[in-house]
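Examination of the molecular architecture
Chain by chain, the residues:
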Amino acid sequence: MIRVLIADDQALVRAGVRMLLQAAGMEVVAEAQDGAEALRHAEQHLPDVILMDLRMPRLDGLEASRRILAARPGARIVVLTTFAEDSNVYAALRIGAVGFLVKDDEPELMVEAVRRAAMGEQLLAPSVLRRVVERAVAAEEVASLAVPSTLTDREVDVLTLVGAGLSNAEIADRLHVGVTTVKSHVGAAMDKLGLRNRTQAAVLAYRMGLVDADFRPVHRQA
């Protein structure tokens with residue numbers, strides 16, 4: 001069972017998220033109304049996944065995430081934000097958050113984000129993913145690139161589907177291979193490209209022309 005810590009300063013939000021996760025068969029081990037409480041509960045309960053609101057009193061979610069990850073680098077934090085354009089999203093990405101959700105996204109997306117995070121995968125809400133890519137492109141953080149010849153055809157296929165936001169299980173189903181095989185290809189592609197996370201992979205997939213502006217796979221020429 002996936003064990004989750006919910007950190008949000010709004011009691012109604014915490015209650016709604018708790019009911020949603022419990023209905024999906026997950027265990028909510030603790031709730032925090034500010035970043036300071038989140039720190040204590042993260043240390044005490046060692047949850048599998050932490051759902052962290054960015055804007056909270058006393059200690060905000062960004063600083064709480066930074067301290068949690070400094071003490072426990074393997075912690076899996078999914079950030080909750082009210083606005084897709086929240087600049088703190090990018091800071092949270094840099095320090096190691098593994099997922100981002102906008103609070104008005106579909107409830108099923110939150111459940112999926114927690115499940116992916118527990119498996120070591122990353123999920124961005126589509127609206128947040130778009131903002132991340134647009135910000136990277138506008139800041140020229142990632143130059144326009146050709147697909148490196150060091151990537152195998154299968155690694156390019158997998159990178160394309162990562163760029164489209166698919167999970168390892170979804171990629172395995174699309175390519176008719178096992179999830180373990182997909183993980184191997186994802187790891188190999190990211191190692192060759194020097195990537196730290198799937199969000200960076202999505203940005204590169206876009207810059208390489210593997211996915212379009214709507215993150216749909218672009219068919220390659222034979």
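Residues numbered from 1 in each chain as written. Predicted model: local features only at pLDDT ≥ 70, side-chain atom pairs only at ≥ 80, totals over all residues. Heavy atoms only, no water.

**Some details on the layout of surface pockets**
For the second largest pocket, the calculated volume is near 270 Å³. Listed by contribution, the elements that provide at least two residues to the lining of the second largest pocket are α4 (88–95) and α9 (179–193). Taken together, the residues that form the lining of the second largest pocket break down as 6 nonpolar, 6 polar and 5 charged. (1 Å grid on protein atoms, 1.4 Å probe; cavity = no way out; pocket = protein on both sides within 12 Å on 5 of 7 lines; lining within 4 Å. Points joined across faces, edges and corners; volume = space filled by probe spheres on them. Helix = DSSP H or I, 4+ residues; strand = E, 2+ residues; numbered from the N terminus. Nonpolar A, V, L, I, M, F, W, Y, C, P; charged D, E, K, R; others polar.)

**Notes on the environment of Asn197**
By the secondary structure assignment, Asn197 is in the loop between α9 and α10 (198–207). In the structure, Asn197 is positioned 104 residues away from Leu93 in sequence and 9.2 Å away in space, judged by C-alpha atoms. Look past the residues within four positions of Asn197 in its chain and what remains in contact with it is Leu93, Gln122 and Met190. (Contact = heavy atoms within 4.5 Å.)

**Quick notes on the packing of helix α7 (residues 153–163) against α10**
Remark: α7 packs on α10, axes separated minimally by 8 Å, with the N-to-C direction vectors making an angle of 105°. Regarding the angle of α7 to α10, the classification is roughly perpendicular. Between α7 and α10, the contacting residues are Leu159, Val162 and Gly163 on the first element and Arg198, Ala201, Ala202 and Ala205 on the second. In terms of residue class, the contact of α7 with α10 is made up of 5 nonpolar, 1 polar and 1 charged. (Axes fitted to C-alpha atoms, helices over the stretch in contact; angles between N-to-C directions. Parallel < 35°, antiparallel > 145°, perpendicular 65-115°, else oblique.)

**A look at the pairing of strand β3 (residues 49–53)**
Of all 5 residues making up β3, 5 are buried, and the element is well covered by its neighbours. Residues Val49, Leu51 and Asp53 of β3 are buried on one face, and the alternating residues Ile50 and Met52, pointing to the opposite face, are buried as well. In terms of strand pairing, strand β1 (residues 3–7) meets β3 through 4 bridges, oriented parallel. Bridge pairing in β3 links Val4 to Val49. (Buried < 20%, exposed > 50% of the residue type's maximum accessible area, 1.4 Å probe, protein only. Pairing = 2+ DSSP bridges.)

**Overview of the nonpolar core**
Grouped together as the largest cluster of nonpolar side chains are 26 residues, with contacts concentrated most on Ile50, Met52, Ile68, Ile77, Val79 and Phe100. With 5 residues, α4 is the single largest residue contributor to this core. Apart from residues no more than four positions distant in its own chain, Ile77 is found in contact with Ile50, Met52, Ser65, Ile68, Leu69, Ala97, Val98 and Gly99. The next biggest cluster of nonpolar side chains, apart from the first, holds 22 residues, and it includes Leu151, Ile171, Val182 and Val186. (Core = buried A, V, L, I, M, F, W, Y, C linked by side-chain atoms within 4.5 Å.)

**Topic: the packing of helix α1 (residues 11–23) against helix α5 (residues 107–118)**
Two quantities define a packed helix pair, namely the angle between the helix axes and the distance between the axes. Interhelical geometry of α1 versus α5 gives an angle of 65° and a closest axis separation of 10 Å. One element, α1, and the other, α5, form an angle in the roughly perpendicular class. Handedness of the α1/α5 crossing: right-handed. Residues Val17, Leu20 and Leu21 of α1 touch α5, and the partners they reach there are Pro107, Met110, Val111 and Val114. (Left-handed = near helix turned anticlockwise from the far one by under 90°.)

**Considerations on unusual backbone geometry**
For Leu46, which is not a glycine, the phi torsion comes out positive at approximately 45°. Along the chain, Leu46 turns up in the loop between α2 (35–45) and β3. A positive phi angle, close to 65°, is found at Arg58, a residue other than glycine. The topology assignment puts Arg58 in the loop between β3 and α3 (61–71). Look at Arg58 and you get exposed, because its relative accessible area is 64%.

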